[in-house]
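So the chains spell out like this:
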Amino acid sequence: MLKIKKLALLPLAAALIFSGSIHTASASPSDESAAPIRVGYIESESYSSFTYGLAGIAQGLEERGVISDFAHDPLEDDARSVWKAMAAAESEHILFAEDMFFTLKSMGGQEAARAVNSDEIDLLIVMGTVAGVFVSEREEKNDYMVFAAADPILSGIVKSETERFTPNSYAYIDPSRYRRQVDIAYHIFGFTKLGVVYENTPAAYAYSGIGQAELSAVTNGFSVERRYVDEARDDADMDRYYRELKAAYKQLIDEGIDALYITTATTEDHMLPWLLEDIAAAGIPTISQAGESQVRNGAVFGVTLDDPADQGRFIAHVIEQYLEGTPIDTLPQVYEIVPKIFVNYDAATRSGILFPFKTLISMDEIFRDEW
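Residues numbered from 1 in each chain as written. Predicted model: local features only at pLDDT ≥ 70, side-chain atom pairs only at ≥ 80, totals over all residues. Heavy atoms only, no water.

## Examining the overall build of the protein
As a reminder of what qualifies: Under the scheme used here, helices are H or I runs from DSSP no shorter than 4 residues and strands are E runs no shorter than 2 residues, and both carry numbers assigned from the N terminus. C-alpha atoms define the radius of gyration in this analysis, and the globule rule sets the expected value at 2.2 Å times the number of residues to the power 0.38. Only protein chains enter the accessibility calculation, which uses a 1.4 Å probe; a residue is then buried when its area is under 20% of its type maximum, exposed when over 50%, and partly exposed in between. The contact rule is simple, with two residues in contact once any of their heavy atoms fall within 4.5 Å. Note on areas: these come from Shrake-Rupley sampling with a 1.4 Å probe, and a residue is covered only by the protein chains present in the view.
Summing up its helical and strand segments, the protein has 15 helices and 14 strands in all. The C-alpha atoms of the protein give 21 Å as radius of gyration, which agrees with the globular expectation for 371 residues (21 Å, within 12%). Taking the principal axes of its C-alpha atoms as reference, the protein extends roughly 70 × 45 × 35 Å. The proportion of buried residues among the 371 residues of the protein is 54%. When contacts within the protein are restricted to residue pairs at least 6 apart in sequence, long-range pairs at least 24 apart make up 70% of them. Total accessible area on the protein is roughly 15,900 Å²; 51% of this is exposed by carbon and sulfur atoms.

## Details of the packing of helix α6 (residues 177–189) against helix α8 (residues 210–220)
Worth spelling out the cut-off: Fitted lines through C-alpha atoms give the axes, limited to the stretch in contact for helices. The angle between two N-to-C directions lies from 0 to 180 degrees. The cut-offs work like this: below 35 degrees is roughly parallel, past 145 is roughly antiparallel, 65 to 115 is roughly perpendicular, and the gaps in between are oblique. Left-handed describes a crossing in which the near helix is turned anticlockwise from the far one by less than a right angle; the clockwise case is right-handed. Lys, Arg, Asp and Glu make up the charged group, whereas Ala, Val, Leu, Ile, Met, Phe, Trp, Tyr, Cys and Pro make up the nonpolar group; the residues left over, Gly among them, are polar.
The contact between α6 and α8 brings their axes to 8 Å, and the two run at 45°. Classed by the angle they form, the pair α6 and α8 counts as oblique. The element α6 and its partner α8 pack so that their crossing is right-handed. Of α8, the residues touching α6 (which contributes R177, Y178, R179, V182, D183, Y186 and H187) are Q212, A213, L215, S216, T219 and N220. Looking at the contact of α6 with α8 residue by residue, the class counts come to five nonpolar, five polar and three charged.

## Considering the pattern of salt bridges
As a reminder of what qualifies: Any Lys or Arg side-chain nitrogen located within 4 Å of an Asp or Glu carboxyl oxygen qualifies as a salt bridge.
Applying the stated criterion across every chain yields a total of 21 salt bridges. Close ionic contact of R226 with E214 constitutes a salt bridge, the shortest N to O distance being 2.9 Å. Of the two residues, R226 is situated in strand β8 (residues 223–228) and E214 in helix α8; the sequence distance between them amounts to 12 residues. Residue classification places R226 among the partly exposed positions, given a relative accessible area of 23%. A residue is classified by how much of its surface remains accessible, and E214, at 24% relative accessible area, is partly exposed. Of the charged contacts, one joins R240 and E244 as a salt bridge, the two residues approaching to 3.1 Å between their closest N and O atoms. Here the residue R240 and the residue E244 both occupy positions in helix α9 (residues 238–255), the gap between them amounting to four residues, near one helical turn. Look at E244 and you get partly exposed, because its relative accessible area is 36%. Each of the salt bridges in this network shares a partner with another, and the network as a whole consists of D99, R114 and E120.

## Considering the packing of aromatic side chains
Where we set the bar: Centre distance within 6.5 Å is the pairing criterion for rings of Phe, Tyr and Trp, where only the six-membered ring of Trp is used; planes under 30 degrees apart are then read as stacked, over 60 as edge-to-face, and the remainder as tilted.
All told, the structure shown has 16 aromatic pairs when counted by the stated rule. Seen from their ring centres, Y47 and F50 are 5.1 Å apart, and the 90° between their planes marks the pair as edge-to-face. Ring geometry for F314 against Y335: centres 4.5 Å apart, planes inclined by 5°, an arrangement best described as stacked. Taken as a pair, F314 in helix α13 (residues 308–323) and Y335 in the loop between α13 and β12 (340–344) lie far apart in primary sequence, 21 residues in all. Y335 matches F314 in its accessibility class, with the two residues each being buried. Here a set of aromatic residues connected by ring pairs shows up, and it is made of Y41, W83, F96 and F101.

## A word on the sheet that holds strand β4 (residues 123–127)
The condition is simple: The pairing criterion is simple: DSSP has to find at least two bridges between the two strands.
In spatial order, the strands read β3-β2-β4-β5-β6; together these five strands make up an open sheet with parallel pairing. Taken across any chain shown, the strands that pair with only one partner, and hence form the sheet edges, are β3 (94–103) and β6 (169–171). Going across the sheet, the axis of each strand differs from the next one's by a mean of 20°, ignoring polarity. In this sheet, β6 lies alongside strand β5 (residues 143–147) in parallel orientation, the contact comprising three bridges. Counterpart to Y144 in the pairing with β6 is S169. Where helix α2 (residues 48–63) meets the sheet, its contacts fall on β2 (37–43), β3, β4 and β5, and the angle it forms with β4 comes to roughly 135°.

## Comments concerning the packing of α2 against α13
At a minimum axis distance of 7 Å, the contact between α2 and α13 shows a crossing angle of 55°. Between α2 and α13, the angle is such that the two are oblique. Taken as a pair, α2 and α13 cross one another with a handedness that is right-handed. Contacts from Y52, G53, G56, I57, G60, L61 and E63 in α2 reach P308, G312, R313, I315, A316 and I319 in α13.

## Things to note about the confidence of the model for the protein
Predicted coordinates in areas of low pLDDT are best not read in detail. Convention followed: Values of pLDDT, ranging from 0 to 100, describe the predictor's confidence in every residue of the model.
Of all residues in the protein, 90% attain a pLDDT of 70 or more, and the chain-wide mean is 88. Low pLDDT (under 50) marks residues 5–28, which in the prediction has 57 contacts with non-local residues, meaning those over four places away or in another chain.

## With respect to the sheet that holds strand β11 (residues 301–304)
Adjacent strands of a sheet form backbone hydrogen bonds with each other and so pair up, either parallel or antiparallel. The sheet built from seven strands is open, its strands ordered β8-β7-β9-β10-β11-β12-β14 with mixed pairing. Across the chains shown, the open sheet's two edge strands, defined by having one partner strand only, are β8 and β14 (365–367). Geometrically, the sheet is characterised by an average inter-axis angle of 25° between neighbouring strands, direction not taken into account. In this sheet, strand β10 (residues 286–288) lies alongside strand β9 (residues 259–262) in parallel orientation, the contact comprising three bridges.

## Looking at helix α5 (residues 129–136)
When you tally the buried positions in α5, you get seven out of eight residues, the bulk of the element. Looking at the buried side of α5, the elements it contacts are β2, α4 (109–115), β4, β5 and α7 (202–207).

The following block contains the structure:
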């Protein structure tokens, strides 16, 4: 039975993060005679985190008075529906073009050609690492802002926290997002071998947070044991992907890992109980990179560094500065979110993991099984 050492998590979290939330209301852009900025949207794939992030931006813009009458269901997980609601919102300063919505994973060549360098828009909102790389390699005519990319610098989307490769680019950066996540998990579990499985590509290395996990390993003295599995290319490829992923987890058990980092990939949450059967039987704690949703569905532990409302306020402030005439390549890119920490009590129990009461009461939320 693995017993977790007592730890006051709130002071730890405070020591590991810096947050500069922006909540101040602001007047609308000053130039009332300027034509509205026309905006398009492209995402790497259909992903609920992109949807909630997009809705958070719209809500932030409404709070700041840039748009009004943004009517949407807060539980909506389809980004196209959120985009439609944004297109229907009222504004004198910004227009979201309803038909300029693209999902990179499912679009064909004709859509790909229309998504970039378009005469129909002035600004492109981009969600995800893969879409961010796609746009940064092709967009020359319009400005673009990349959000929800795990490591925009490592991915080559922007040069640094302040520098760009091209003057029409912007990327939201949380410079130590996944390192803080792994650091917190290490201080709780004290593992010596952290297992990871991800696709062996530069993009997956970036969005799986492997570079930041490696930095945490150097600081804290554990090793990172890795296996590679190609992600599912479409629905027909999911069975192959899950079989190989579960086999990779079994190989990591044989390697002697004492914690597993469940990295962001095409894994559906409802598959976690089956995928993690061998890991749980081996008494190995599972740490979710995605956070809350995977902890609800069977991962033992997660640290969420995504707060759509908080991020949305920051991004709305950035967009408002852009509407007021601030050049896109001088806008602030760095913002850090306060972490929220989650545990699945039943998943921990199945793995033989005991959390002290003082640790449990420091969690932001404790889940019981929902499957």
